[in-house]
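Overview (structure and organization)
Letter by letter, the chains look like this.
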Amino acid sequence: MVAKKRLTKIYKSSEKIFIDGGSKIILMSDCHRGDASHADSFLNNQNIYFAALEHYFWQNYTYIELGDGDELWENHKLSQIIGVHKDVFWLLSDYYKQGRLYLIFGNHDIVKSKKNYIRNHSYFDMRAQKYIPLLDNIKVHEGLVLKYDNQSNEIFLIHGHQADFFNSTLWRLSRFLVRYVWKPFELFGVNDPTSAAKNYRRKEQIEKKLFSWARENRIMLIAGHTHRPVFPEPFDTAYFNDGSCVHPRCITAIEIACGNIALVKWAQKTKVDGTLYIGREVLAGPAKLSEYFANMHFSVNRHNVNNM
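The present account deals with the structure reproduced in this document. All figures in this text were calculated on a predicted structure; none of them were measured in a lab.

Procedures and definitions
Residues numbered from 1 in each chain as written. Predicted model: local features only at pLDDT ≥ 70, side-chain atom pairs only at ≥ 80, totals over all residues. Heavy atoms only, no water. Salt bridge = Lys/Arg side-chain N within 4 Å of Asp/Glu carboxyl O. Helix = DSSP H or I, 4+ residues; strand = E, 2+ residues; numbered from the N terminus. Buried < 20%, exposed > 50% of the residue type's maximum accessible area, 1.4 Å probe, protein only. Polar contact = N/O pair within 3.5 Å; in protein donor to acceptor, adjacent residues only side chain to side chain. Phe/Tyr/Trp six-rings, centres within 6.5 Å; stacked < 30°, edge-to-face > 60°. Lys NZ or Arg CZ within 6 Å of the ring centre and 35° of its normal. Pairing = 2+ DSSP bridges.

Moving on: the pattern of salt bridges. Applying the stated criterion to the full structure yields ten salt bridges. For Lys112, the salt bridge is made with Asp70, and the minimal N-O distance between the two is 2.6 Å. Here Lys112 is found in the loop between β4 (101-104) and β5 (122-125), whereas its partner Asp70 is found in the loop between β3 (62-66) and α3 (78-84), with 42 residues between them in sequence. Lys112 gets classed as buried once you look at its relative accessible area, which sits at 5%. We note a salt bridge from Arg280 to Glu255, for which the minimum N-O separation is 2.8 Å. Taken together, the positions of Arg280 in strand β14 (residues 276-288) and Glu255 in strand β12 (residues 250-257) put the pair 25 residues apart, joining distant regions of the chain. By relative accessible area, which is 7% here, Glu255 ends up buried. Members of the salt-bridge network, linked through shared partners, are Arg33, Glu65, Asp70, Asp109 and Lys112.

In this section: the side chain of Asn45. With respect to the helices and strands, the residue Asn45 is situated in the loop between β2 (24-28) and α2 (46-58). Assessed through its relative accessible area of 2%, Asn45 is described here as buried. Side-chain polar atoms of Asn45 contact the backbone oxygen of Cys250, separated by 3.0 Å.

Our focus in this paragraph is the packing of aromatic side chains. Counting across every chain of the model gives twelve aromatic pairs. Relative to Tyr95, the ring of Phe57 has its centre 5.1 Å away and its plane inclined at 75 degrees; by these criteria the two rings are edge-to-face. With a gap of 38 residues between them, Phe57 in helix α2 and Tyr95 in helix α4 (residues 86-97) connect regions that are remote in the sequence. Assigned by exposure class, Phe57 and Tyr95 land together as buried. Note on Tyr148 and Phe293: the rings are 5.8 Å apart at their centroids and 25 degrees apart in plane angle, and the pair reads as stacked. Of the two residues, Tyr148 sits in strand β8 (residues 143-148) while Phe293 sits in helix α8 (residues 289-306), which places them 145 residues apart along the sequence. For the pair Tyr148 and Phe293, one class covers both residues: buried. The rings of Phe57, Trp58, Tyr63 and Tyr95 are connected pair by pair, giving a single aromatic cluster. When the ring centre of Phe57 is taken as reference, the NZ or CZ atom of Arg100 above it lies at 4.7 Å.

Bringing the pairing of strand β9 (residues 154-158) into the picture now. Counted residue by residue, β9 has five buried out of five residues, so it is predominantly covered. Neither face of β9 is left uncovered, since the one carrying Glu154, Phe156 and Ile158 and the one carrying Ile155 and Leu157 both have all their residues buried. As paired strands, β8 and β9 are joined by five bridges and run antiparallel to one another. Bridging from a neighbouring strand, Leu144 pairs with Leu157 of β9. Bridge analysis of β9 against strand β10 (residues 220-223) gives three bridges, and the strand direction is parallel. Paired with Leu157 across the bridge in β10 is Ile222.

On their own, these measurements won't tell you what the molecule is for.
Pasting the structure below:
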């Protein structure tokens, strides 16, 4: 009950972004960009991620990161991460300059919710040969609402840790345990039991709460946090999950384009001649957004009739 109230409060206070059938949006989360140490989960997929993000940049997509973009529980300073993954931040800054970047914070980068946290960082631009403010004046959100075509069609975007008591209410304790207890063990292959991504029972409990909120409020919900991709059929409850960028050997994402939604995977592939390349594969969809909205409106009308 507490988690649902928290989600509703965030939904009501979230900034609204108006989109239509011509809009193109790519949703990714849980990159967990780190410091290039053995505990940096992002390191193995950094080239796949960059290739995907560059593809979407040239295809005029808006990039929305659904939280945990940077691993700021294991690492104390964002500047360490920027120094290692400069190419990613150059590209993010290009998105931002064109008004095509939105950031949502998750539990592992919840410090971004502080007003001036990102504004106090800069990166060295090799092209300009000088330090440039990192995403100057950007606002990092807890949630966003995409309004599609009219006021009644909405997509609620959130990281999802708000449905996870240990990683929301007790996030400071969780951060302490990850930073000082589980990170050293992770180097030896021991999984963090507090992580929703590595604990299937907790993962299912969190997803159940997110699914229940979407069903009860009849609002399309897209989240991350659990690292498990979810793509329902149009006649099911519209709870989606974009997965993560730290799957073994691949990343997953959700595309919204031309009025459709799809779950995609980017991975390293091999041609017949043995040449390696990074390619995109559709895992689910594309499905029409209008079909999901129509099902939700039908459910609302049916509920109203049954209660007359």
